[in-house]
Amino acid sequence: MYIVAALYHFTRFADPAALRAPLLELCRARGISGTLLLAGEGINGTIAGDRAGIDAVLAHIRALPGCADIEWKESTAVDAPFHRIKVRLKREIVTMGQPDIDPVSRVGHYVDPADWNDLISAPDVAVIDTRNDYEVAIGSFDGAIDPQTKSFGEFPAWWEANKHRFHNKRIAMFCTGGIRCEKSTNYLMGQGVEDVYHLKGGILKYLEEVPQDASKWDGECFVFDGRVSVGHGLAEGPHILCHGCRRPLLPEDRNHPAFEEGVSCHHCVDETTETDKARFRERQKQIALAKDRGVRHIGGL
């Protein structure tokens, strides 16, 4: 059983590049896999490994400048949700493309999962899902508005085009783990919207803490690791991933004529060229060969 830790923290790193090598070295030494992003605005990522390894990496991150009170969410996975560790330097730890955004200065009102149902049931509250369209497609809160954005960077333009719909409304926003809402609530406040709320700990914390029989969540929650989706209690969901377009699929979608492992599915078969598909087939061939070499190597031990 693997421990999966999803984390983020906004803080000001004077030199994020100097933090990369020691963090990467520790993750490799402890057998940790996943992805961590470092930027001048903080750290974000999801990692997996055994209990001791996760604890060691979390202790290292808590010792980074301004990270002593970092929070994270844990779940488990039967199979390895990542194949290697990546520690990357980025301009933003979650890309919104708004240079004036500063979640360190102020964000919206945090709402604990236990209080979320009451808030989103209020008639003067508009509930907005800040995630990408393919994430929303497999699950969301009852009655939530889907901006149908393909990336988080599209959210400001969507708000500008739709803000007239929310006159005299309180705004409640949510995302997978909470990080996007740190930026989206700061953005709305900068636009003059003061009554802004967001789900503390995101969907993952809600699914962990709120019993299914009391839940207003419908469907599964997309996660950016090998599990693809999780449900109530953070149990692994049924979804698989199309490695052609990175969209979630149900197992029965494999039977669709457009599905080709690692190449296409019914969502993306008409979105890529034959040259793209040939490249994807070669990639899939190399993946299969690497997996076969790994199995034969283990069998020979």
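Throughout, a residue's number is its position along its own chain's written sequence, starting from 1. Confidence filtering applies because this is a predicted model: local features only for residues at pLDDT of at least 70, side-chain atom pairs given and counted only at 80 or more, and all residues used for totals across whole chains, interfaces and linings. Where side-chain values are given, they derive from all heavy atoms of the structure, hydrogens and water being excluded.

Moving on to the pairing of strand E7 (residues 125-129). Taking burial as the measure, the five residues of E7 include five buried ones, the bulk of the element. Here E7 shows two buried faces, one formed by Val-125, Val-127 and Asp-129 and the other by Ala-126 and Ile-128. Strands were regarded as paired on the criterion that DSSP finds at least two bridges between them. Each helix corresponds to a stretch of at least 4 residues labelled H or I by DSSP, and each strand to a stretch of at least 2 residues labelled E; elements are numbered beginning at the N terminus. Direction of pairing for E7 relative to strand E9 (residues 170-174): parallel, over a ladder of five bridges. Bridge pairing links Ile-128 to Met-173 in E9. Residue exposure (1.4 Å probe, protein chains only): buried if accessible area is under 20% of the type maximum, exposed if over 50%, otherwise partly exposed.

Formed by 26 residues in total, the largest nonpolar core has its most connected members in Ile-128, Phe-155, Trp-159, Phe-166, Ile-171, Met-173 and Leu-188. Looking at this core, the elements with two or more residues in it are strand E1 (2-10), strand E2 (33-39), E7, helix H5 (155-162), E9 and helix H6 (179-190). Ignoring any residue separated from it by four or fewer positions in sequence, one finds Trp-159 in contact with Ile-128, Phe-166, Ile-171, Tyr-187, Leu-188, Gln-191 and Val-193. Residues enter a nonpolar core if they are buried and are Ala, Val, Leu, Ile, Met, Phe, Trp, Tyr or Cys, with the set joined through side-chain atoms within 4.5 Å. By size, the runner-up hydrophobic cluster in this structure holds 23 residues, among which are Ala-172, Ile-203, Cys-221 and Val-223. Contact criterion: two residues are considered in contact whenever any of their non-hydrogen atoms come within 4.5 Å of each other.

The next subject is the environment of Asp-100. Along the chain, Asp-100 turns up in the loop between strand E5 (85-89) and strand E6 (109-111). Separated by 35 residues in the primary sequence, Asp-100 and Pro-65 have C-alpha atoms spaced 22 Å apart.

Glancing now at the sheet that holds strand E10 (residues 196-199). The four strands lie next to each other as E6-E10-E9-E7, forming an open sheet whose pairing is parallel. A single partner strand is all that each edge strand has here, and the edge strands are E6 and E7. For this sheet, the mean angle separating the axes of adjacent strands, direction not counted, is 30 degrees. Note that E6 and E10 share three bridges and pair parallel. The axes used here are C-alpha line fits, helices contributing only the stretch in contact, and every angle between their N-to-C directions lies in the interval 0 to 180 degrees.

Side-chain alternation along E10 places Val-196 and His-198 on one buried face and Tyr-197 and Leu-199 on a second face that is also buried. Here E9 pairs with E10 via three bridges, running parallel. The partner of Met-173 across the bridge, within E10, is His-198. The handedness rule is simple: strands pointing away from the viewer, and a clockwise path from the first strand over the helix to the second, make the crossover right-handed. Each parallel crossover has a hand, and for E9 linked through H6 to E10 it is right-handed.

Once that is clear, we can look at the sheet that holds E5. Strand order in the open sheet formed by five strands is E4-E1-E3-E2-E5, and the pairing between neighbours is mixed. Here the strands that pair on one side only, and so sit at the sheet edges, are strand E4 (71-77) and E5. Looking at each pair of strands side by side, their axes are set apart by 10 degrees on average, direction ignored. Bridge count between E2 and E5: five bridges; the pairing is parallel. Looking at the pairing, Gly-34 lines up with Ile-85 of E5.

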